[in-house]
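# Report on the structure
Chain residues, written in single-letter form:
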Amino acid sequence: MSEARLSEAGWRPDAVAAPRSAERLLRSAAERAARHPARRAALVLHLSRLRPPAPRPHHQRVAGAILQDAAQRSEGQVFALGNGDQVLICTLTPDAAALPDALGRLLHVDAPDPADLLSFWDLEADAGRLLDYAAGRFADRSPPRGGMTAPDAVSPLLVTAAVRAIGPADWPELTTRQVAVTLDRACGTASTLRPLFREVALSLAALQPRLDDAAALAEDALLLRQFALRSDGALLAALTAALGGGGPLDAARRPGPRMHLDLALGSIAAPAFAAFAAACRSRGAGFGVEVALADAVADPAAFAEARRITARAGCTLALDGVAPLAMLVARPWTLPADLLKLEWSPQLAGSGQEPLADALAASGPGRIVLCRVDGEAAMRWGVAHGISGFQGRYVDALLAASRQMGCPAAAGCTLRQCADRAAAAAPAGRQFCRHPDLLDADAPRPLPQ
């Protein structure tokens, strides 16, 4: 499920009535490690020291994937704390000892002094530092940072409530659409936006009126994954029923770009996916699937199976949620995916980006779609690095301008209205458009130089 679709929510004050479970577990683990410190180490990634509004969800997600991988190779355990910090306690191996340097190179994108964000302690000499840190975190009653809800503040029953809040006829109202484009300079000196795919995803923001805690669900990665696993089947069934109907959720509709679906990794092996793929094949309709990089890293076997299934179905497979940090450490280009969706950050335009440039070259810029593009600077950066695929609000605005150039009723709409109507899949979101066929065709036009 695309993070760009998730609602942002504030901190809930009832989440700190008692010390949170991660802090309690860390204190116990630190005490055990201090009693048997031989060949043990601890690494603290102080994401709480990043400038607000950080730590953002991608910091948590990428750091968690890296540290979990290290924990598996070093007999360790990872603790994600309410203030945003992540702690690894593990066996002191060469790989573990190399983590501070690797993470330091990684974090320079988001921190002026990455060394300040890392503490690494050989527990034979520095067990006291870990104990002091763990005791301080246990005593802290500050609200979680970065919009993070305490891990034990959200009930798993919320998933069941969210699934029950969605009826079979609700999917058009609860889905959003966004077109990714290729910037094509094949037409002389002008540039053309050529539609690459149209992503269809569930919007938890649209679910909010039906479910009071929809924002809290968006903040808990484990619950969100369970929700996706339980709701993807109903979404696929709705899309199967929409095939051939000519509506906004018709994957076989032409003209228009190929549909991409945000799916949980486990949903690709489910019967609903097989049924949708078979129905698309019978109508000659291709489609693509997007899965989160964090899920692929966390479960390589499931990702390999998903790759086999999508390959048999003739689907494009894209890795979503590829933060700049992940490009440097997770090496996502080595995974058998057709596309990598790199998340834009204004800090990418700063200096000291040589390692990322090397990673882009190794990936092959043609495989990369720069997403969350919010302005011209992002597109200029992408073009300068050989990237031609783009997706985000700025692209939505460019496509709206392109549509209005050929729309007889353009004078009655603003660019924002045109973009919002193109994103909508329900009739209510499109009802004031006098030429809805243009919302789905996304006909390319040359851009001014």
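This text goes with the structure placed above it.
Our subject in this report is the structure included herewith. (Residues numbered from 1 in each chain as written. Predicted model: local features only at pLDDT ≥ 70, side-chain atom pairs only at ≥ 80, totals over all residues. Heavy atoms only, no water.)

### Examining the overall build of the protein
Helix and strand content of the protein: 19 helices and 13 strands. Scored against the burial criterion, the 449 residues of the protein give a buried share of 51%. Within the protein, contacts between residues separated by at least 24 positions form 70% of all contacts whose residues are at least 6 apart in sequence. When the accessible surface of the protein is split by element, carbon and sulfur atoms take 55% of a total near 19500 Å². (Helix = DSSP H or I, 4+ residues; strand = E, 2+ residues; numbered from the N terminus. Buried < 20%, exposed > 50% of the residue type's maximum accessible area, 1.4 Å probe, protein only. Contact = heavy atoms within 4.5 Å. Areas by Shrake-Rupley, 256 points an atom, 1.4 Å probe, with all protein chains shown as cover.)

### Quick look at the pairing of strand S8 (residues 287-292)
For S8, the buried fraction is high: five of the six residues fall into the buried class. Note that strand S7 (residues 259-262) and S8 share four bridges and pair parallel. Each residue of the ladder has a partner; that of Met259, found in S8, is Phe287. The parallel pair S7 and S8, bridged by helix H10 (residues 271-282), forms a crossover whose chirality is right-handed. (Pairing = 2+ DSSP bridges. Right-handed = clockwise from strand over helix to strand, strands pointing away.)

### Topic: the packing of helix H1 (residues 21-35) against helix H4 (residues 123-139)
It is the contact of H1 with H4, at a shortest axis distance of 9 Å, that shows an interaxial angle of 160°. Relative to H4, the element H1 is oriented roughly antiparallel. Crossing of H1 against H4: the hand is left-handed. Contacts between H1 and H4 involve Glu23, Arg24, Leu26, Arg27, Ala30, Glu31, Ala33 and Ala34 from the first element and Leu123, Ala127, Leu130, Leu131, Tyr133, Ala134, Arg137 and Phe138 from the second. Of the residues assigned to the contact of H1 with H4, the class counts are 11 nonpolar, no polar and five charged. (Axes fitted to C-alpha atoms, helices over the stretch in contact; angles between N-to-C directions. Parallel < 35°, antiparallel > 145°, perpendicular 65-115°, else oblique. Left-handed = near helix turned anticlockwise from the far one by under 90°. Nonpolar A, V, L, I, M, F, W, Y, C, P; charged D, E, K, R; others polar.)

### Quick look at the pattern of salt bridges
Counted according to the given criterion, the structure contains 12 salt bridges. Salt-bridge contacts for Arg253 lead to Asp440; the nearest nitrogen and oxygen are separated by 3.1 Å. Pair noted here: Arg253 is in the loop between helix H9 (221-242) and S7 and Asp440 is in helix H19 (residues 437-441), with a separation of 187 residues, a long-range link. Arg253 gets classed as partly exposed once you look at its relative accessible area, which sits at 24%. Residue class for Asp440 comes out buried when judged on its relative accessible area of 2%. (Salt bridge = Lys/Arg side-chain N within 4 Å of Asp/Glu carboxyl O.)

### Section: the packing of helix H16 (residues 393-405) against helix H17 (residues 415-423)
The interhelical angle for the contact between H16 and H17, taken along N-to-C directions, is 105°, at an axis separation of 9 Å. Relative to H17, the element H16 lies roughly perpendicular. Along the contact surface, H16 presents Asp396, Ala397, Ala400, Ala401, Arg403 and Gln404, while H17 presents Leu415, Cys418, Ala419 and Ala422. Classifying every residue of the contact of H16 with H17 gives seven nonpolar, one polar and two charged.

### What about the packing of aromatic side chains?
In the structure shown here, the tally under the stated rule is four aromatic pairs. Taking the centre distance of 5.8 Å and the plane angle of 55° together, the rings of Trp344 and Trp381 count as tilted. Of this pair, Trp344 sits in the loop between strand S10 (339-343) and helix H14 (354-363) while Trp381 is found in helix H15 (residues 376-384), placing the two residues 37 residues apart along the sequence. Like Trp344, the residue Trp381 is buried in the burial classification. Aromatic rings pair up to connect Phe273, Phe276 and Phe287 into one cluster. (Phe/Tyr/Trp six-rings, centres within 6.5 Å; stacked < 30°, edge-to-face > 60°.)

### Observations regarding empty space enclosed by the protein
Tallying each qualifying case throughout the model produces four cavities of 30 Å³ or more. Looking at the largest cavity, its volume works out to about 120 Å³. For the largest cavity, the lining is made up of 13 residues, of which Cys407, Cys413, Cys418, Cys433 and Leu439 are closest to its centre. Of the residues contributing to the lining of the largest cavity, the split by class is eight nonpolar, two polar and three charged. In this structure, the second largest cavity spans a volume of roughly 90 Å³. (1 Å grid on protein atoms, 1.4 Å probe; cavity = no way out; pocket = protein on both sides within 12 Å on 5 of 7 lines; lining within 4 Å. Points joined across faces, edges and corners; volume = space filled by probe spheres on them.)

### Some words on the pairing of strand S3 (residues 86-91)
For S3, the tally of buried residues reaches six of six residues, placing the bulk of the element in the interior. What sits between the antiparallel neighbours strand S2 (residues 77-80) and S3 is a turn of five residues, in which Gly84 has the positive phi angle 105°.

### Some details on H4
The sharpest bend along H4 measures roughly 25° and falls at Arg129. Along H4, the residues that are buried comprise Leu123, Ala127, Leu130, Tyr133, Ala134, Arg137 and Phe138. Lining the buried residues of H4 we find H1, strand S1 (40-45), S3 and strand S4 (118-122). N-capping of H4 is provided by Asp122, with a side-chain oxygen placed 3.1 Å from the backbone N of Glu124. (Bend = angle between axes of the 7 residues up to and from the residue. Polar contact = N/O pair within 3.5 Å; in protein donor to acceptor, adjacent residues only side chain to side chain.)

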